[in-house]
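# Geometric and topological summary
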Amino acid sequence: MASALTSVILVILLCGSALGARTKLYSSNGKDGGSALAPVADDDICKSMVEPQGYGCQEHKVKTQDGYILSMQRIPVGRTGETPGARPPVLLQHGLLMDGITWLLNSPDQSLAFILADNGFDVWLSNTRGTKYSRGHTSLTPNDSAYWDWSWDQLVTYELPAMFQYVHDRTGQNIHYVGHSLGTLIALAAFSQEKMLNMLRSAALLSPIASLGHITSPIARNGAENYIAEEFYKNGIYEFGEAIAKLLKKICKKPGINCYDLMTPFTGQNCCLNSSTVDVFLEHEPQSTATKNLIHLAQMIRGGTIGMYDYGDEDTNKEHYGQSIPPVYNMSSIPDDLPLFLSYGGQDALSDVADVQVLLESLKDHDRDKLVVQYQEDYAHADFVMGVNAKQLVYDPLIAFFRLQ
Ligand SMILES: *[C@@H]1O[C@H](CO)[C@@H](O)[C@H](O)[C@H]1NC(C)=O
Ligand SMILES: *[C@@H]1O[C@H](CO)[C@@H](O)[C@H](O)[C@H]1NC(C)=O
Ligand SMILES: *[C@@H]1O[C@H](CO)[C@@H](O)[C@H](O)[C@H]1NC(C)=O
């Protein structure tokens, strides 16, 4: 969920005052004060977001083959403690510019991570490289441009498999997966290459993203068509997001600005957010991503295909891929008997209906009894993780689906 911040920033970029403002905003290296992120008293996700709600929580560290050190949180049991029987592990993967807090924003009765724990699941939260709690690396720091030299291809190749392996090793069980937004794209791409299938029980995809060619979000489309991310990259800005949080908070404090509305041009009109939750959301998000990751997504918006990162010239592509154009991810290669639960929204401007239809078309030979597709007419992108009625509409059916697998 790239949401508010990106929309604000792109509005600023696209509505003039661009060049001067851009330089000032994006190359500021903390000159006007420290970290972009709100200070929290207890600085990890277990202490700040999980334990205060009455749940046990463990912090874990996972190393990827390409050297990133990621944090994961585990909520092993629900509020009532141990229940008889094995607790199936569920891995929750957030979307773009978000982190594991995505699943903890509402009350325990409304937030998916807590609901799953209370329903007998062993819950694991991932945090993508570059986000606040996953900025470690065996040899690089986020100050190194090489630290940011990745797009979602590397999440498919290295990151998601590392987290699957870790959870599988710790629990000895196959895993149910829940992805939101970019968290669905990387899973679909990995499954299409038959990665992780031996550790997977089923997958739920909320606001599924595969092809982006029909995206309706004016901000995302304008950003892509005007090569905004490429412009950042050319200017040496490889980390995207750090300055945005600070800027957004400043804007939201101004009288007459409603931060709830700022999300709309990016996510679509969310029906069902609690404005208190939006405030909590803004305290913790957005998180950083690689500018290169945004360039990759922009390539998909412009091209309408689901290809690997395009280095922009044939020779460099050949170096990386052995062919002059980037290989594509073929979603029709996802095994037909993989249990999939898809929920998409009628108002979603990022996972728009037309692109979801393209995905569903490539799943047309999927076993009928292994594919559940849900359409939420009123839902936009953020409703799937923050909607006050998401439990009734989406999570209860999702849990019923998991129990059948
Ligand atoms: C990154 O750079 C900043 C400012 O230049 C410095 O304060 C910080 O210690 C550096 N961080 C690391 C991990 O090297
Ligand atoms: C919205 O959030 C506030 C603060 O957590 C809570 O008191 C209120 O009950 C929530 N409203 C709904 C409709 O869930
Ligand atoms: C994608 O995979 C399907 C099923 O394996 C295959 O029939 C189709 O030819 C593939 N498409 C491309 C473009 O490779």
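What counts and what doesn't
Residues numbered from 1 in each chain as written. Chains lettered and ligands numbered in written order. Predicted model: local features only at pLDDT ≥ 70, side-chain atom pairs only at ≥ 80, totals over all residues. pLDDT = per-residue confidence, 0-100. Contact = placed C-beta atoms within 7 Å. UniProt positions renumbered as here; feature names shortened; annotations may be inferred. Helix = DSSP H or I, 4+ residues; strand = E, 2+ residues; numbered from the N terminus. Near = placed C-beta within 6 Å. Nonpolar A, V, L, I, M, F, W, Y, C, P; charged D, E, K, R; others polar. Core = buried A, V, L, I, M, F, W, Y, C linked by C-beta atoms within 7 Å. Buried ≥ 20, exposed ≤ 12 C-beta atoms within 10 Å, placed from the backbone. Axes fitted to C-alpha atoms, helices over the stretch in contact; angles between N-to-C directions. Parallel < 35°, antiparallel > 145°, perpendicular 65-115°, else oblique. Left-handed = near helix turned anticlockwise from the far one by under 90°. Pairing = 2+ DSSP bridges. Right-handed = clockwise from strand over helix to strand, strands pointing away.

## Comments concerning the confidence of the model for the protein
- For the protein, per-residue confidence averages 88 on the pLDDT scale, and 87% of positions sit at 70 or higher.
- Low pLDDT, under 50, characterises residues 1–5; the stretch is placed with 27 contacts to residues that sit more than four places away or in other chains.
- When the criterion is pLDDT under 50, residues 10–41 qualifies, and its contacts beyond four places in sequence or with other chains add up to 28 contacts.

## Structural notes on the UniProt feature "active site" (unreviewed entry) in the protein
- The sites that UniProt annotates as "active site" (unreviewed entry) are S181, D348 and H381. The greatest C-alpha distance among the residues just named is 10.6 Å, despite their covering 201 residues of sequence, which places them together in space.
- Within the secondary structure layout, S181 lies in the loop between β6 (175–180) and α6 (182–192).
- When you line up the elements, D348 lands in the loop between β10 (340–345) and α15 (353–362).
- Aside from chain neighbours lying at most four places away, what touches D348 is S207, G268, Y379, A380 and H381.

## A closer look at the site of ligand 2
- Taken together, the residues surrounding ligand 2 are S107, N274, S276, T277 and V388.
- Across the shell around ligand 2, the residue classes tally to 1 nonpolar, 4 polar and no charged.

## Some remarks on the environment of Y166
- Take Y166: it is sitting in helix α5 (residues 152–171).
- Placed 102 residues apart in sequence, Y166 and T64 show a C-alpha to C-alpha distance of 10.0 Å.

## Description of the nonpolar core
- One finds L91, L92, A113, V123, L160 and I186 to be the most contacted residues of the largest nonpolar core, which totals 111 residues.
- If we ignore the near neighbours within four places in the chain, the residues touching L160 are L155, I186, A187, A190 and M196.

## Points about α6
- Most of α6 is tucked away: 11 of the 11 residues are buried.
- Buried residues belonging to α6 abut β3 (89–93), α5, β6 and β7 (200–206).
- In the stretch just after α6, E194 is the one whose phi turns positive, near 60 degrees.

## Some points on the packing of α5 against α6
- One way to put it is that α5 packs onto α6 with a least axis distance of 9 Å and a crossing angle of 65 degrees. The pairing of α5 with α6 is recorded here as roughly perpendicular in orientation. Every pair of crossing elements has a handedness; the one defined by α5 and α6 is right-handed. Of α6, the residues touching α5 (which contributes W152, L155, V156 and L160) are L182, L185, I186, A187, A189 and A190.
- Its residues assigned to classes, the contact of α5 with α6 shows 10 nonpolar, no polar and no charged.

## Notes on unusual backbone geometry
- With an omega dihedral of 10 degrees, the bond running from E285 to P286 counts as a cis peptide bond.
- A positive phi angle is found at Y227, which is not glycine, with a value near 55 degrees.
- Take Y227: it is sitting in the loop between α7 (218–225) and α8 (228–234).

## A closer look at the pairing of β7
- Burial analysis of β7 places 6 of its 7 residues in the buried class, which makes it a mostly covered element.
- Looking at chain direction, β6 and β7 are connected through 6 bridges and run parallel. Residue pairing across strands places H180 opposite L206, the latter belonging to β7.
- For the segment spanning β6, α6 and β7, crossover handedness is right-handed.

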